[in-house]
Amino acid sequence: MTSSPADPARWLRRFHPAAEDAVRLVCLPHAGGSASFFFPMSRALAPHVQVLAVQYPGRQDRRREDHVADLHHLADQVFGALAAEPQQPTALFGHSLGAVVAYEVAVRMREAGLPDPVRLFASARRAPSRYRDERVHRLSDAEIIDELGRLSGTHAATLADPELIQLILPAVRSDYRAIETYRHRPDAVLDCPVTVLTGADDPVVSAAEADDWRRHTTGEVEVRTFTGGHFFLVDHAPAVIELLTWSLTTRVAG
């Protein structure tokens, strides 16, 4: 039997059980990333927060499926999977490319008349309206590997293993194409609060670009800056978990 594109079982991964009344945190990975990136976050937040990690096509258990190289289409499918789930208070957490996917999913939630996310966490990504002339998806394999090393998002052992790198490169290239060709709709303004997480030394997000998330919601926006680069959240995992716990339990309950 063929699953529909909105089948939650294809798109959403639950790593740990959570309490019935827990807030749901939907986590969307970076370019080339997979749902398993959020396994440590899920373990740390359970059982008080229910983490659903999104698995994009073309990687791990979905490696035989076609990649989605259009970000709007990707957001459509993620939203379809979430809409098929029981409705409950939901927050969105996206890292890098995932932050823009999360924003677009939140737009679709509002336009469908569903409750707004209780909060959008935008990690390591400039505001949707801030573009740069980036063409990583057009680079050679060797140049893309260099870019991954520059951002420190892929373990050095993976970059040094020819077989492993060939497995992930198609997904990386497709994801970069999706984010580099993406353009937001100026009328797509959210109402939910947004927390922007950024690294002080991130080469692809400046302080001004992070602050411009304020243009994309009528809700409260706070910017949290950590030491480190594009993958600051790995080095600062305890602080990020503390922030998420407070935002999704104490703050939401209050």
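Residues numbered from 1 in each chain as written. Predicted model: local features only at pLDDT ≥ 70, side-chain atom pairs only at ≥ 80, totals over all residues. Heavy atoms only, no water.

Peer 1: Would you mind going over the sheet that holds strand β2 (residues 23-28) with me for this structure?
Peer 2: Either a parallel or an antiparallel arrangement is found when strands of a sheet pair, and the pairing is made through backbone hydrogen bonds. Strands sit in the order β1-β3-β2-β4-β5-β6-β7 across an open sheet of seven strands; the sheet is mixed. Strands with a single pairing partner mark the edges of an open sheet, and in this sheet they are β1 (12-13) and β7 (221-226). Taken together, the five bridges between β2 and strand β4 (residues 90-95) define a ladder with parallel strand orientation. Looking at β4, one finds that valine 26 is bridged to leucine 92. The strands touched by helix α4 (residues 97-111) are β2, β4 and β5 (120-123); relative to β4, the strand with the most contacts, the crossing angle is about 150 degrees. (Pairing = 2+ DSSP bridges. Helix = DSSP H or I, 4+ residues; strand = E, 2+ residues; numbered from the N terminus. Contact = heavy atoms within 4.5 Å. Axes fitted to C-alpha atoms, helices over the stretch in contact; angles between N-to-C directions.)

Peer 1: Looking at this structure, I do not really get the pattern of salt bridges. What am I missing?
Peer 2: Opposite charge on two side chains lets them pair, provided their charged atoms get close. If you walk through the whole model with that rule in mind, you get 19 salt bridges. Between arginine 214 and aspartate 211 there is a salt bridge, with the nearest N and O atoms lying 2.8 Å from each other. With relative accessibility at 40%, the residue arginine 214 sits in the partly exposed group. Take aspartate 211: its relative accessible area is 32%, and that puts it in the partly exposed class. (Salt bridge = Lys/Arg side-chain N within 4 Å of Asp/Glu carboxyl O. Buried < 20%, exposed > 50% of the residue type's maximum accessible area, 1.4 Å probe, protein only.)

Peer 1: Help me understand the packing of aromatic side chains, please; the structure alone is not making it clear to me.
Peer 2: Any two aromatic rings considered together are summarised by their centre-to-centre distance and by the angle between their planes. Applying the stated criterion across every chain, the model contains seven aromatic pairs. A network of ring pairs unites the aromatic residues Phe37, Phe38, Phe93, Phe121 and Phe231 as a single cluster. Above the ring of tryptophan 11, the side-chain terminus of arginine 62 is found at 4.2 Å from the ring centroid. Here the basic side chain of arginine 183 rests over the ring of tyrosine 131, its NZ or CZ set 4.2 Å away from the ring centre. (Phe/Tyr/Trp six-rings, centres within 6.5 Å; stacked < 30°, edge-to-face > 60°. Lys NZ or Arg CZ within 6 Å of the ring centre and 35° of its normal.)

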